[in-house]
Amino acid sequence: MNLLVIVLSSQLLYYLLIAQTGVVGAFDSDIKELFTLPIGGVVGSLLSAYWRHLGIKTELCFLFGIQVMLSWFYPNYSLGVLLVLGFVVGYTTPLLLYLFGTQSKRQLAFGLAISYTVGTALYTYPFALRGDIAIFLPLISIVALRFSPLPSEIRPCEKRLDGRIVAMMMVWIFTDSALFETLSRSEGMDIWSDYTGLIIVSHLVGVYLAYRYGENLKRQGWIIWALFVISYALYYMHYPPGLAVVYPIVISYYNVLLFRTLIAMHNIRHIAIAMVGVGWVAASAANAVALYHQLWIAVAVLAVYILIYSSNFRRVS
């Protein structure tokens, strides 16, 4: 494991504990108080796609520094500050995934394993008290990146962006986020408080299975779909122990494959454009579904997906 893995892990944790759950929880999921966050994310991703990057390491260190400054005021964020926070996350993520193209599948698995372990352990920490975490994580990113040897040049891939793959990733993010946000708002199904250790182990199992047996994201569609169907069934049956096993496995499993697919693009523009749909549009739509208690929409998406997948994705190269 090298220091670039630490950078990836700390930034994933920042997104999970601060940008995704911390800020949203601190503002009680009030869309009117949060709507500039995804707008900033989309703007940041698009600028990242079309900006001419001459010093990626310098750009990332500068933006991680902005994260630190913003974190001093956590969680007392105005709409303007949330816009900047979203912009920073949206801009930095494609660059980091592009740089990670030099790393092996094992390094990615290590990074995600660290993120899921620490993120699960800290998930129940009160939203309003995560200020120290918000400062500490980007500081880790700055120090680790500062001492990470980066290649002088990465040749971008000139292949066209596959819209079907982006659509598939959006389905998994939407399905995952809708259930995650629903569970986080459900007192009776709060699996993170009661089954923390079991969830951590299940996440690690999912990462290992994806590392050891996971193939091309297209080829794994049936497996991911089946695991999500089981997860949703366990939720509707109100069976938290089973959900604490299956759901983390599918999260880890598909995310390893998803990140591998994004990283393998080797093209900042393609990664950034994909992240607009995957990281912001799909996740924001899922938040709305959970907020308005319309989880049936995610179930319908799963049903439609399997019909499309069975006709269009069975034959892949």
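Residues numbered from 1 in each chain as written. Predicted model: local features only at pLDDT ≥ 70, side-chain atom pairs only at ≥ 80, totals over all residues. Heavy atoms only, no water.

1. Comments concerning the packing of aromatic side chains
According to the stated counting rule, one finds 10 aromatic pairs in the structure shown. Between Y15 and W280, the aromatic rings sit 6.4 Å apart at their centres with planes inclined by 90°, giving edge-to-face as the arrangement. Placement of the pair is Y15 in helix α1 (residues 3-20) and W280 in helix α14 (residues 268-291), with a sequence separation of 265 residues. Relative accessible area serves as the criterion here: at 26%, Y15 is assigned to the partly exposed category. Classification of W280 as buried rests on a relative accessible area of 8%. Site record: aromatic cluster; members linked through ring pairs are W172, F228, Y254 and Y305. Residue placement shows R146 over the ring face of F147; its charged tip is 5.5 Å from the ring centre. (Phe/Tyr/Trp six-rings, centres within 6.5 Å; stacked < 30°, edge-to-face > 60°. Helix = DSSP H or I, 4+ residues; strand = E, 2+ residues; numbered from the N terminus. Buried < 20%, exposed > 50% of the residue type's maximum accessible area, 1.4 Å probe, protein only. Lys NZ or Arg CZ within 6 Å of the ring centre and 35° of its normal.)

2. Side note on the packing of helix α7 (residues 105-122) against helix α13 (residues 240-263)
In the contact formed by α7 and α13, the axes pass within 10 Å of each other and the chain directions differ by 135°. On the basis of their axis angle, the class for α7 and α13 is oblique. Handedness of the α7/α13 crossing: right-handed. In this structure, α7 uses K105, L108, L112 and Y116 to contact α13, whose residues at the interface are I251, S252, N255, V256, F259, R260 and I263. Of the residues contributing to the contact of α7 with α13, the split by class is seven nonpolar, two polar and two charged. (Axes fitted to C-alpha atoms, helices over the stretch in contact; angles between N-to-C directions. Parallel < 35°, antiparallel > 145°, perpendicular 65-115°, else oblique. Left-handed = near helix turned anticlockwise from the far one by under 90°. Contact = heavy atoms within 4.5 Å. Nonpolar A, V, L, I, M, F, W, Y, C, P; charged D, E, K, R; others polar.)

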